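This is what each chain is made of:
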Amino acid sequence: MGASTGPRLSGMQKQVLGLYREFLRAARSKSAEDRRKIESFVSAEFRRNSKQVDRKNFIYIEYLLRLGKKQLAQLQSPDTVRLSSLDISVSETINHKP
């Protein structure tokens, strides 16, 4: 493999991408129908958060990473077939500028 020509990623960006990939890997262990639903849900959640959360709000991003890791652990359980979203109001957190 050659060197990547894309932009360098921060440590936190690498963690987010790694978590996303882990969700997709975990979805592979589910049935085809559940896999499609999980992949769609995960993609929508990551996309929604990428648009709504200020990139400089590290505390909130770290919170979302911890929440995502807990959800991933649940998804990796053989008994789990789907994820649900907890809608947390973050209007103050998203637009907070120090």
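Overview of the structure. Everything quoted here is computed from the prediction, not taken from an experiment.

Okay, helix α1 (residues 11-27) next. End to end, α1 covers 24 Å across 17 residues, agreeing with the expected 24 Å (1.5 Å per residue, within 8%). Looking at the packing, one finds that the buried side of α1 touches α2 (32-52) and α3 (58-76).

Our next topic: the packing of aromatic side chains. Taken as a whole and judged by the stated rule, the model has 3 aromatic pairs. When the centroid spacing of 5.0 Å and the interplanar angle of 70 degrees are considered together, the rings of Y20 and F46 count as edge-to-face. One end of the pair, Y20, is in helix α1; the other, F46, is in helix α2, and 26 residues separate them in sequence. Classification of Y20 as partly exposed rests on a relative accessible area of 26%. Judged by relative accessible area, which is 23%, F46 ranks as partly exposed.

Here Q71 shows up in helix α3. A relative accessible area of 21% means that Q71 is categorised as partly exposed.

Let us now look at the packing of α1 against α2. Taken N-terminus to C-terminus, the directions of α1 and α2 make an angle of 165 degrees; their axes are 9 Å apart at the nearest point. The angle between α1 and α2 places the two elements in the roughly antiparallel class. As α1 packs across α2, the resulting crossing turns out to be right-handed. Together, V16, L19, Y20, F23, L24 and A27 of α1 and R35, I38, E39, V42, S43 and F46 of α2 make up the contact between the two elements. Of the residues in the contact of α1 with α2, the class split is 9 nonpolar, 1 polar and 2 charged.

Analysis parameters
Residues numbered from 1 in each chain as written. Predicted model: local features only at pLDDT ≥ 70, side-chain atom pairs only at ≥ 80, totals over all residues. Heavy atoms only, no water. Helix = DSSP H or I, 4+ residues; strand = E, 2+ residues; numbered from the N terminus. Expected span 1.5 Å × (residues − 1). Contact = heavy atoms within 4.5 Å. Phe/Tyr/Trp six-rings, centres within 6.5 Å; stacked < 30°, edge-to-face > 60°. Buried < 20%, exposed > 50% of the residue type's maximum accessible area, 1.4 Å probe, protein only. Axes fitted to C-alpha atoms, helices over the stretch in contact; angles between N-to-C directions. Parallel < 35°, antiparallel > 145°, perpendicular 65-115°, else oblique. Left-handed = near helix turned anticlockwise from the far one by under 90°. Nonpolar A, V, L, I, M, F, W, Y, C, P; charged D, E, K, R; others polar.

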